[in-house]
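A look at the structure
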Amino acid sequence: MEESMIKQLWQEYDQKLEKSLQLNYKIIREMQTKKIEDHINSFRRNQVLGVVAGILFTVSLGFLVINSLNNIYFAISIGLIALFNIFAVASYLRHLIMLERISIADTITGTQEKLAAIQSSLNMVGRIMILQTPFWCTFWYNQQLIDHGGATFWAINLTILALFTILSVYLFNTLTYKNIHRKWVRSFVESFGGKKIIKAMEFLKEIEEYKMEG
């Protein structure tokens, strides 16, 4: 009799413990879900702002190109910079579409994968945008400068252009996740609203870890 009572008490205790764990998991999931949604919404606002600002900037660049076709060096440099910004705007729009496909009600792993895809894309956009830097060194060229620039002038300007080109290529190759242990690289990865996505993934990880512990 005593043995059966002990077993019954253990079963009741296990049931109460299970209910308590389920309740705690539900509370933690709800709290973390709210934080995740806040970070995602903040990131969404950043992307919308990026789209609006990018469109306005690109239109301004296009206006400059159309009205400066007599200076082919200026037109080509600004035109290429405009193409970089068109790429950025298109990428931000793609991110907004990807965000619409995310539901916190989905599996944690699935949500993490979708957020990771956005974060990876955002990082690539930032790296590609750096490659426009050399064209900011050439937009002020004109035919008169090309024809009459002295050796010293060109030595200085071409050196500066080469340095910015090398620097932009170096940054493109360095600012990747494999180097995220470097503080300045992590700061870049977290820029453009990327920190919001990273935080959202961290909260998802906390939910998964608590679920596994339970």
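Attention in this report is confined to the structure presented alongside it.

Conventions and cut-offs
Residues numbered from 1 in each chain as written. Predicted model: local features only at pLDDT ≥ 70, side-chain atom pairs only at ≥ 80, totals over all residues. Heavy atoms only, no water. Helix = DSSP H or I, 4+ residues; strand = E, 2+ residues; numbered from the N terminus. Buried < 20%, exposed > 50% of the residue type's maximum accessible area, 1.4 Å probe, protein only. Contact = heavy atoms within 4.5 Å. Areas by Shrake-Rupley, 256 points an atom, 1.4 Å probe, with all protein chains shown as cover. Core = buried A, V, L, I, M, F, W, Y, C linked by side-chain atoms within 4.5 Å. Phe/Tyr/Trp six-rings, centres within 6.5 Å; stacked < 30°, edge-to-face > 60°. Expected span 1.5 Å × (residues − 1). Polar contact = N/O pair within 3.5 Å; in protein donor to acceptor, adjacent residues only side chain to side chain. Salt bridge = Lys/Arg side-chain N within 4 Å of Asp/Glu carboxyl O. Patch = residues over 30% accessible without salt bridge, like charges linked within 9 Å, V, L, I, M, F, W, Y side chains within 5 Å.

Moving on to the overall build of the protein. Secondary structure assignment for the protein yields seven helices and zero strands. Listed by position from the N terminus, the elements making up the protein come as α-α-α-α-α-α-α. Burial status across the protein gives 36% buried among its 214 residues. Taking contacts inside the protein between residues at least 6 apart in sequence as the whole, the part at least 24 apart equals 76%. Carbon and sulfur atoms make up 65% of the accessible area of the protein, which totals about 13,500 Å².

Of all hydrophobic cores here, the largest spans 19 residues; its most connected members are I40, F43, L99, L115 and I118. Contributions of two or more residues to this core are made by α1 (2-66), α2 (72-100), α3 (108-130) and α7 (194-213).

Under the defined criterion, the tally for this structure stands at seven aromatic pairs. The interplanar angle of 65 degrees and the centroid separation of 6.2 Å between the aromatic rings of F74 and F139 together place this pair among those described as edge-to-face. Placement of F74 in helix α2 and of F139 in the loop between α3 and α4 (143-148) is noted, with a sequence separation of 65 residues between them. Here F139 falls in the partly exposed class, since its relative accessible area comes to 27%.

Another point: the environment of A88. For A88, the position within the fold is in helix α2. Residue A88 is classed as buried on the basis of its relative accessible area, which comes to 5%. Separated by 37 residues in sequence, A88 and V125 place their C-alpha atoms 6.4 Å apart. Filtering out sequence-adjacent residues up to four positions away, A88 remains in contact with V125 and M129.

What follows covers helix α5 (residues 151-174). Between the first and last C-alpha of α5 there are 34 Å, a value that for 24 residues agrees with the 34 Å anticipated at 1.5 Å per step. Looking only at α5, the buried set comprises W154, N157, L161, S168, L171 and T174.

Quick look at the side chain of T174 now. Counting through the fold element by element, T174 comes out in helix α5. In terms of polar contacts, T174 uses its side chain to reach the backbone carbonyl oxygen of Y170, at 2.7 Å. Residues contacting T174, with those up to four places away along its chain left out, are N179, R182, W184 and V185.

Enumeration over the complete set of coordinates arrives at one salt bridge. Put simply, R44 and E100 hold a salt bridge, and the shortest N to O gap is 3.6 Å. In this pair, R44 is assigned in helix α1 and E100 in helix α2, connecting sequence segments 56 residues apart.

With that settled, the discussion passes to the environment of N41. The residue N41 is located in helix α1 in this model. For the pair formed by N41 and I197, sequence separation is 156 residues and the distance between their alpha carbons is 9.9 Å.

Here the focus is the environment of L115. Here L115 shows up in helix α3. Placed 17 residues apart in sequence, L115 and M98 show a C-alpha to C-alpha distance of 8.6 Å.

Here the focus is a nonpolar patch on the surface. Taken together, the side chains of I156, I160, F164, L167, Y170 and W184 define a hydrophobic patch exposed on the protein surface, amounting to about 560 Å² of accessible area. Broken down by element, the nonpolar patch gets its largest block of residues, five residues, from α5. Relative to the helices and strands, I156 is located in helix α5. Classification of I156 as partly exposed rests on a relative accessible area of 49%.

The next thing to look at is the side chain of N85. Residue placement: N85 occurs in helix α2. Residue classification places N85 among the buried residues on the basis of a relative accessible area of 9%. Setting aside residues up to four positions removed in sequence, N85 forms contacts with F57, T58, L61, M129 and Q132.

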